[in-house]
Amino acid sequence: MYERLRSQGVDVTDLTESNPTRVGLHYPPGLLDALAAPEGMRYEPSPRGLPQARKAVASWLSHAPHERCSHVATKLAESTARRGTCESRQIDPDRVALTASTSEGYACVFKLLCDPGDHVLVPQPSYPLLEHLARFEGVEPVPYPLSYHGTWRIDLPALAEAAGSRARAIVVVSPNNPTGSFLAPEDHDAVTAICRERSLRLIVDEVFNGYPIDPLPGSARSVLSASAEVLTFVLGGLSKAVGLPQLKLAWTAVDGPDDEVEPALDALDLVLDAYLSVSTPVQLAAERLLLAGTAVADQIRVRIAANHRKLARLVAEHPAAGLLRTEGGWYAVVQVPATKSEEALALELLEQDHVLVHPGYFFDFSREAFLVTSLLPEPERFAAAIKRVLARAAGTP
Ligand SMILES: Cc1ncc(COP(=O)(O)O)c(C=O)c1O
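Think of each chain on its own: its residues are numbered from 1, step by step along the sequence as written. Only residues with pLDDT of at least 70 get local features here, since the model is predicted, and only at 80 or more are side-chain atom pairs given and counted; chain-wide, interface and lining totals rely on the full set of residues. Hydrogens and water molecules were not included; the side-chain quantities draw on all heavy atoms of the structure.

**A few points about the nonpolar core**
Piece 1. To form a nonpolar core, buried Ala, Val, Leu, Ile, Met, Phe, Trp, Tyr and Cys residues must be joined to one another through side-chain atoms within 4.5 Å. For every residue, the accessible area (1.4 Å probe, protein chains only) is compared with the maximum for its type, and the residue is labelled buried under 20%, exposed over 50%, or partly exposed between those bounds. Core analysis: the largest hydrophobic core is formed by 90 residues, its most contacted members being L61, V96, L121, I170, L238 and W251.
Piece 2. Residue contributions to this core reach at least three from each of two domains, namely domain 1 (2-24 + 299-393) and domain 2 (33-294).
Piece 3. If you look at the next biggest cluster of nonpolar residues, it comprises 27 residues, including Y106, V254, A264 and V271. By convention here, the domain bounds are inherited from an automatic or database domain assignment.

Below, the structure is given as structure tokens:
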């Protein structure tokens, strides 16, 4: 229906928009100039990635998000720094492997850790593509619940129960899409203990890690800020880190006990060598892109903070609706009266109010009724669309 409306010239506001190149951000001129470096004419493939690119990524990962801000550091970043939520630790470039995307990073790690039919434990609700990424590798995604009690936390007993004999890894998304929940330090300890007891590996997707909104004390830090007790794979990429999804560069940082990390990296090299999917120009440009891209990440931080504040104010005007706590990331979850199904509400919103918004079931919420909105859209259109969403949900459009 979305395509039909658009082909009829209807101006639909897309509250599912997650593409930063489509939301009116200012990309510094010359940002892509580094892709034209003459060295890019040579092809000298390296499975794990070119050393200078891995060094650039390791250095970027070694800095807390607030230290990565450009000279126009935002108030939010300053306040995050004051709260001391981030710590720095030197990351070894030899423990960083490059892929074209985070999705490819998942695929490589699943190949590395699992045989066909093995299980990986995945959070629920979470990023819908996770299930497909696992299945494409012949791996069974077994959900474990996150539960909301004013903040989202991992249901630890349910996680332990889900870890059967075929389980090989636990996936954590921090902050999670769409719940916006960071991995709480206590949950990290508990998940590590489960991994240790059951010989499981930990995969932590930190693509949105640089975007805190309202984090719990101590939660908005990378798991890389302290050395890992179990073999851990931390995923991220330019796509979210600096709003450049079209450049196709992502990374997997491997951490944990030395006697497990080294064999894992060797095995990962074998997988990566079969594809060699990352282009030379983007690797040569990685350092400049990460540096110059901070100007884009800063704008995204300002945008999501402003839209989140506006959303909170608008939701507060509708007693029957509620905004779930968003610790970080690019999305927010609004609870709406369950007077009709999420599907029916989303369709009405599209057809009658010309607003496209994701129903909660899309992310496997355990019950209705929730709507998930991106915080990236341009602020005026965002506010106008949210007003229509809240009015329709309240039955007073
Ligand atoms: C939680 C999460 N992980 C990974 C990705 C994919 O990132 P990439 O574009 O680097 O493949 C997304 C994309 O939206 C995401 O939401």
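The discussion continues.
**Here's the deal with the environment of A346**
Piece 1. Secondary-structure assignment places A346 in helix α13 (residues 342-353).
Piece 2. Sequence separation between A346 and L356 is 10 residues; the distance between their C-alpha atoms is 7.2 Å.
Piece 3. Only heavy atoms matter for contacts: two residues are in contact if any of them lie within 4.5 Å across the pair. Excluding anything up to four places from it in sequence, A346 contacts V357 and P359. Comment: elements are numbered from the N terminus, with helices defined as DSSP H or I runs of at least four residues and strands as E runs of at least two.

**Observations concerning the packing of α13 against helix α14 (residues 379-393)**
Piece 1. Axes here refer to lines fitted to C-alpha atoms; in helices the fit is confined to the stretch in contact. Angles between the N-to-C directions go from 0 to 180 degrees. Their axes nearest at 10 Å, the elements α13 and α14 cross at an angle of 125°. One element, α13, and the other, α14, form an angle in the oblique class. When you trace α13 past α14, the crossing you get is right-handed. Residues L345, E348, L349, Q352 and D353 of α13 form the contact with α14, whose participating residues are R388, V389, R392 and A393. Angles are sorted into four bins: roughly parallel if under 35 degrees, roughly antiparallel if over 145, roughly perpendicular if 65 to 115, and oblique for all others. The crossing is said to be left-handed when, going from far helix to near helix, the turn is anticlockwise and less than a right angle, and right-handed when the turn is clockwise.

**Details of unusual backbone geometry**
Piece 1. Omega for the peptide link from S174 to P175 comes to -5°, which places this bond in the cis form.
Piece 2. Relative to the helices and strands, P175 is located in the loop between β6 (167-173) and α7 (185-198).
Piece 3. Here the amide bond leading from N177 into P178 is cis, since omega sits at 10°, within 30 degrees of zero.
Piece 4. Residue position: P178 is located in the loop between β6 and α7.
Piece 5. Look at S199: it is not a glycine, yet its phi comes out positive at around 55°.
Piece 6. Looking at the element boundaries, S199 is found in the loop between α7 and β7 (201-205).
Piece 7. You can call S199 exposed: its relative accessible area is 56%.

**Observations regarding the side chain of E342**
Piece 1. For E342, the position within the fold is in helix α13.
Piece 2. Positive charges are assigned to Lys and Arg, negative charges to Asp and Glu, while His and the chain termini are left out of the count. Salt bridges are counted wherever a side-chain nitrogen of Lys or Arg sits within 4 Å of a carboxyl oxygen of Asp or Glu. Although E342 lies buried, it forms no salt bridge, and the closest oppositely charged side chain, R367, sits 8.4 Å away as judged by the N-O distance.
Piece 3. Definition of a polar contact: a pair of N or O atoms within 3.5 Å, with one able to donate and the other able to accept a hydrogen when the atoms are protein atoms, and with sequence-neighbouring residues admitted only if both atoms are side-chain atoms. Engagement of the side chain of E342 in a polar contact is seen with the backbone nitrogen of G360, the distance being 3.2 Å.
Piece 4. Setting aside residues up to four positions removed in sequence, E342 forms contacts with P359, G360, Y361, R367, E368, A369 and F370.

**A closer look at the site of the ligand**
Piece 1. Put simply, a residue is near a molecule or strand once any heavy atom of it comes within 4 Å of that molecule or strand. Every residue lining the ligand is accounted for by S101, T102, S103, Y127, V173, N177, D205, V207, F208, S239 and K240.
Piece 2. In the environment of the ligand, an oxygen atom lies 3.1 Å from a nitrogen or oxygen atom belonging to the backbone of S103.
Piece 3. Take S239: an N or O atom from its side chain is 3.0 Å from an oxygen atom of the ligand.
Piece 4. Amino acids outside the nonpolar list (Ala, Val, Leu, Ile, Met, Phe, Trp, Tyr, Cys, Pro) and the charged list (Asp, Glu, Lys, Arg) are all regarded as polar, and Gly is one of them. Each residue belonging to the shell around the ligand can be placed in one class, and the counts come to four nonpolar, five polar and two charged.

**Remarks on the pattern of salt bridges**
Piece 1. According to the stated counting rule, one finds 23 salt bridges in the structure shown.
Piece 2. Note that R48 and D269 form a salt bridge whose closest N and O atoms lie 2.7 Å from each other. Here R48, found in the loop between β1 (13-14) and α2 (51-62), pairs with D269, found in helix α9 (residues 258-273); they are 221 residues apart in sequence, far enough to count as distant.
Piece 3. With relative accessibility at 13%, the residue R48 sits in the buried group.
Piece 4. Salt-bridge contacts for D258 lead to R95; the nearest nitrogen and oxygen are separated by 2.7 Å. Of this pair, D258 sits in helix α9 while R95 sits in the loop between α3 (75-82) and β2 (96-99), placing them 163 residues apart in sequence.

**Looking at the sheet that holds strand β10 (residues 322-323)**
Piece 1. By definition, two strands form a pair when at least two bridges between them are found by DSSP. Strand order in the open sheet made by the four strands is β10-β11-β14-β13, with antiparallel pairing throughout. Lying at the two open borders of the sheet, with one neighbouring strand each, are β10 and β13 (358-359).
Piece 2. Of the pairings in the sheet, the one linking β10 to strand β11 (residues 331-335) comprises two bridges and is antiparallel in character. Within the sheet, the bridge partner assigned to G322 lies in β11 and is Q335.

**A short note on the domain arrangement of the protein chain**
Piece 1. When cut into domains, the protein chain gives domain 1 (2-24 + 299-393) and domain 2 (33-294).
Piece 2. Once you take the C-alpha centre of each, domain 1 and domain 2 turn out to be 27 Å apart.
Piece 3. Each partner contributes residues to the interface: domain 1 has 24 residues there, and domain 2 has 33 residues.
Piece 4. Note: buried area is the sum, over both parts, of the accessible area (probe 1.4 Å) each one loses when the two are combined. Together domain 1 and domain 2 conceal approximately 2600 Å² of surface at their shared face, both sides included; 63% is due to carbon and sulfur atoms.
Piece 5. Sorting the residues of domain 1 by area buried against domain 2 places R301, R325 and E327 first, and these three jointly supply 37% of that buried surface.
Piece 6. For the pair domain 1 and domain 2, the number of links is one salt bridge.
Piece 7. Among the ionic pairs, D214 bridges to R325, the shortest N-O distance being 3.3 Å.
Piece 8. Run the count over domain 1 and domain 2 and you get 13 residue pairs in polar contact (both at pLDDT 80 or more).
Piece 9. Mapped onto the side of domain 1 that touches domain 2, the elements with two or more residues apiece are α12 (294-316) and β11.
Piece 10. In terms of residue count, α12 provides more of the side of domain 1 that touches domain 2 than any other element does, five residues in total.

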